[in-house]
Each structure stands twice: as C-alpha cells, then as structure tokens.
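Structure at a glance
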Amino acid sequence: MEFWQHLFGLTSSPSADTVTVPAVAPTPPPSPPPSGVAAMTAATAESQVRFSGHTLDKATKAKVTLENYYSNLIAQHLERKQRHDKLEESMKEEGLSEDQKCEKRQQHAQKETEFLRLKRSRLGVEDFEALKVIGRGAFGEVRLVQKKDTGHVYAMKILRKADMLEREQVAHVRAERDILVEADHQWVVKMFYSFQDPINLYLVMEFLPGGDMMTLLMKKDTLSEDCTQFYIGETALAIDSIHKLGFIHRDIKPDNLLLDARGHIKLSDFGLCTGLKKSHRTEFYKDLSQAKASDFTTYSNVPATNPMDSKRRAESWKKNRRALAYSTVGTPDYIAPEVFMQTGYSACCDWWSLGVIMYEMLIGYPPFCSENPQETYRKVMSWQKTLVFPAEVPISEQARDTIVRFCCEAEHRAGSQHGLDDIKNMPFFKDVDWAHIRERPAAIPVQVKSIDDTSNFDDFPDVDLKLPASPPVKEGEAGYKDWVFINYTYKRFEGLTQRGLVRPSGAAAHQLV
C-alpha cells in the first residue's frame with residue numbers, strides 16, 4: 001500500500017513550498033490536554049492517512065488518463081506540424097507557382113479539419129463488415145473486413161482482452177500497437193486504426209493479399225539461391241528499419257513476413273517486440289533449461305526418434321508447421337540462443353533468425369527442427385554441434401558461409417558491428433540493388449485477382465463470420481474496468497482522410513487507395 005501511495009504521489013510528504021520551522025523558535029506556552037472531539041481530531045491528524053484499494057485504483061486511473069490526454073495533445077501538435085512541413089517540402093521540390101501552393105495549402109487545411117472531426121467520432125466493429133477469416137492465433141484471429149462508409153478493405157486483428165490479462169500479454173499488446181503507430185514506412189505493415197470495446201482489442205491494418213512466407217515455403221519446398229538472395233535481402237532491410245527506430249523484433253520467422261500484391265516483403269506481428277529505447281517488458285523469454293514441451297505448443301508431443309534424413313525431416317516439419325503457427329507460443333526454431341539465457345542480448349538476435357530462415361529456404365526445413373520443441377531448444381543451445389548442412393541438398397559455399405555468419409556467437413555475428421552494412425558487404429549479396437530492390441519485380445510473382453483476394457491464405461470455414469457486437473457500457477461507469485488498455489485507440493491521418501468511392505457492402509474489387 002505504501003508503495004502505491006509513494007508511486008502515485010498520495011503520501012503526505014512535505015512539498016517544496018513547506019516552511020521549515022527554525023530550530024531556535026520560541027517554545028509556545030503549554031496548553032491543556034485535548035478532550036472529547038478535540039482529542040479524536042488530534043489523534044486522526046497525527047495518524048498516517050490510509051487509502052483503500054478502490055481509492056488507489058481510481059487515483060491511478062485518473063493519473064494515467066490525465067498524463068495520456070496531455071501527451072496526446074503534444075503528439076498531435078507535432079504530427080500536424082510534420083505533415084505541414086512535409087507538404088511545404090514537396091511543393092518546393094515540385095516547383096509549384098504561388099497560386100498552386102495556395103490551392104494545395106487550402107486542400108491540406110480541409111483535410112486537417114476533417115481529420116479532427118472524424119477523430120472525435122467513435123469507431124467500432126459496427127463500422128466494418130466482415131468478409132472472411134484469414135488467420136487464427138492463440139489469442140484471437142485476423143479477418144478481412146470492409147469499412148462500410150468508404151468501401152476500403154483492411155485486415156482486422158481481434159484480440160480477446162480476457163486472454164491478454166490472464167496470460168500476461170498486456171505488455172506485448174502495447175508493444176505491437178506502439179511500434180505500428182511509430183513505424184510508418186514501406187517495410188512494415190501499416191496500421192490505420194486501433195480501438196477497443198469491453199471484450200476485445202482491434203488492430204485495423206492494410207491487407208497484404210500475397211499471404212506469408214510460411215505458406216510460400218510450404219508450397220515451394222525450397223527456393224533457388226537467387227530467390228533466397230532476394231527475400232533475405234528484403235527482410236534484412238525490413239529488420240534494419242525497425243532497429244533504426246529503436247526496436248528489436250525478437251520473433252522474426254516466415255509466419256511474420258507478409259507479401260504485398262507485388263510479392264514484396266513487409267514485417268508484421270510485433271507482439272514480442274521490445275525496445276532499445278522503449279520499455280515494453282515481457283515474461284515470454286525465460287530460462288528454458290527446465291522447460292516442458294507444453295511451454296511451446298498446444299499439440300501432443302511426439303517422442304524423439306532416431307536422426308532423420310533430409311526428406312523425412314522436411315516432411316515432418318511441414319506436417320507440424322500449421323499446428324506450430326496456431327499454438328500459444330509457437331516454435332523456438334528461429335530464436336537466438338542468447339535470448340534464452342537471460343544474460344542479455346541485443347538487436348543482433350534478429351540477424352540470427354534471418355540466418356535460420358535462409359537455411360530453411362535453401363534446405364527445406366530449419367537447422368534445429370526436431371520432433372518436439374524441447375529437443376529443438378536443446379539443439380539451438382548447442383548450435384556449434386547441431387548446425388550441419390545435409391550433403392543430399394547441395395548449396396554454394398557463399399550461401400553456406402552466409403548462414404554461418406548469421407548463426408554464430410552474438411559478438412561475431414553479421415550485423416553486430418555495423419548493422420546492415422555488414423550484410424551488404426557479404427559476397428552472397430554482391431548483386432543486390434539495395435537502393436531499388438522494392439521497385440524491381442519480386443523473385444516470385446504473386447497471383448492476386450482483386451484487392452480482397454484471399455487465395456493465398458488458409459481457409460477457416462468453421463468460424464462464425466459475424467463480428468462480435470460491442471457490449472454497451474453500463475450507465476454510471478466512467479469507462480472500462482480494465483484501464484490497463486487505456487490510450488489504445490489510434491486513428492491514422494491517411495486512414496481518415498483517404499478518398500475513394502463508397503462501394504456496396506461486400507464489393508469484391510474495390511481498390512484500396
């Protein structure tokens with residue numbers, strides 16, 4: 001109790017304006033001892049003030065609410081100034097006349113006014129129509145949705161609050177929301193809105209119809225070295241972009257590498273992201289020396305067997321891959337050994353994961369995959385002995401050396417000294433046009449028929465497509481009881497001001513502007 005009182009400033013400690021009584025002050029004349037009500041008042045004043053848990057909870061919520069309110073005002077002012085500066089810079093580069101500049105400024109001002117108006121309006125699931133379920137995870141699901149007033153198509157990630165609280169995922173949810181707000185560039189999936197109701201959290205993001213790298217690898221088995229060079233190069237650029245923002249992803253794996261309509265990569269799923277500058281704490285990574293297989297997955301374990309050849313390992317990997325993707329935590333196949341050791345790690349743990357993915361692209365399965373996650377963990381921790389290259393799947397010396405440069409001791413790992421420059425200087429990437437890679441055709445073209453084409457995603461026919469209705473807040477309640485999700489709501493400027501025809505509900509081929 002005293003800790004909370006101190007933390008939120010509820011103690012009766014002297015303030016800076018308190019006047020200290022001099023030590024030589026004259027002694028006042030003695031007064032008669034208090035009696036009756038006066039005695040009770042004096043006793044109360046001398047006793048320490050105690051607050052109930054309910055009072056402390058209310059005070060904490062009020063404090064956080066006020067802090068967020070004013071910090072949001074400052075952030076909104078800075079964002080508006082940045083948009084204005086960006087407009088002025090673009091007009092200067094275009095060499096517009098003064099009349100043209102005035103017209104552009106007026107249009108921008110109208111957008112800003114519209115943004116403020118729309119930002120004050122409440123956004124909820126009733127503003128969207130669900131088209132299809134395209135993903136499912138341990139804490140929720142992802143749906144393809146269409147905004148009713150504009151016809152624009154998005155991917156909506158729905159997370160159950162009760163699961164977030166019960167499984168201590170609040171920090172992960174906050175980390176994902178914050179980085180999606182901050183990371184507004186071509187290598188990260190763009191989030192347009194986030195909001196909540198008493199039951200769920202909602203992230204409304206751009207829909208990338210190309211599917212993910214996991215699905216592509218399961219279709220192709222292995223990739224050529226040219227294709228691998230392309231995808232690893234783009235992923236390296238994506239990883240570097242979030243490192244420059246001060247974040248470590250910590251969950252780089254094929255499931256989280258999404259493909260846009262042209263087949264280029266974007267990073268997603270920042271639920272396990274942590275910051276070099278931001279404090280998003282998580283209890284997920286721990287010492288797994290005593291861990292059980294159930295710590296990683298929800299499917300029944302298969303006893304360890306004799307070593308398998310490459311074909312059997314690839315078949316076993318593909319057989320269990322979907323279950324691993326949909327399980328509570330997933331697989332430790334892509335996680336760097338130093339992350340498990342609780343002795344500290346840096347952003348270069350993401351480069352280890354990139355090496356594991358490169359191995360999987362060329363060989364057909366990750367280097368440490370096993371029949372059960374506990375065995376996989378043991379292999380990761382003894383990688384010096386278990387990182388082997390099967391003779392029956394030949395790859396070039398350059399490719400092998402590149403993987404070894406990624407999957408090695410953290411202090412010697414590619415990317416640990418000079419970041420992306422270490423990767424660019426590796427012989428395997430000598431032909432990569434780093435400056436224009438995203439403008440070039442993708443290594444494997446993506447077949448997309450329309451903006452809401454979901455053919456590159458799994459089907460979930462057993463899921464009720466209807467979006468859950470938002471329960472009304474009871475009269476007299478000053479918001480939601482689970483105030484730990486306070487300040488979760490976000491609306492991106494481009495999302496509220498983008499233009500486009502309003503299409504009939506369920507329109508199949510509306511172009512996302």
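It should be emphasised that the depicted structure is a prediction, and the values quoted were computed from it without experimental measurement.

**Re the overall build of the chain**
A tally of helices and strands in the chain yields 16 helices and 10 strands. When burial is assessed residue by residue, the chain has 47% of its 513 residues classed as buried. Partitioning the intrachain contacts of the chain with sequence separation of at least 6 by distance along the chain shows that 74% fall at a separation of at least 24.

**Remarks on the confidence of the model for the chain**
On average, residues of the chain score 75 in pLDDT, and 67% of them are at 70 or above. Ignoring residues within four places in sequence, the model shows residues 1-27, a span with pLDDT below 50, making 19 contacts including any to other chains. Counting interchain partners and residues more than four positions distant, the pLDDT-below-50 stretch residues 499-513 has 43 contacts.

**Considering the packing of helix H11 (residues 349-363) against helix H14 (residues 397-406)**
Close contact between H11 and H14 brings their axes to 7 Å; oriented N to C, the two are set at 150°. Our classification of the angle between H11 and H14 gives roughly antiparallel. Pair H11 / H14 crosses with left-handed handedness. Listed contacts from H14 to Trp351, Trp352, Leu354, Gly355, Met358, Tyr359 and Leu362 of H11 are Ala399, Thr402, Ile403 and Phe406. A class-by-class count of the residues in the contact of H11 with H14 yields nine nonpolar, two polar and no charged.

**With respect to the side chain of Gln196**
In this fold, Gln196 is placed in strand S4 (residues 191-196). According to the relative accessible area criterion, Gln196 is buried, its value standing at 11%.

**Remarks on helix H8 (residues 225-244)**
Given a rise of 1.5 Å per residue, 20 residues ought to cover 28 Å, and the 28 Å separating the end C-alpha atoms of H8 matches this to within 8%. Counting buried positions along H8 yields 17 of 20 residues, so the element is predominantly enclosed. Of the residues flanking the end of H8, it is Gly246, one or two places downstream, whose phi is positive at about 95°.

Conventions used here
Residues numbered from 1 in each chain as written. Predicted model: local features only at pLDDT ≥ 70, side-chain atom pairs only at ≥ 80, totals over all residues. Heavy atoms only, no water. Helix = DSSP H or I, 4+ residues; strand = E, 2+ residues; numbered from the N terminus. Buried < 20%, exposed > 50% of the residue type's maximum accessible area, 1.4 Å probe, protein only. Contact = heavy atoms within 4.5 Å. pLDDT = per-residue confidence, 0-100. Axes fitted to C-alpha atoms, helices over the stretch in contact; angles between N-to-C directions. Parallel < 35°, antiparallel > 145°, perpendicular 65-115°, else oblique. Left-handed = near helix turned anticlockwise from the far one by under 90°. Nonpolar A, V, L, I, M, F, W, Y, C, P; charged D, E, K, R; others polar. Expected span 1.5 Å × (residues − 1).

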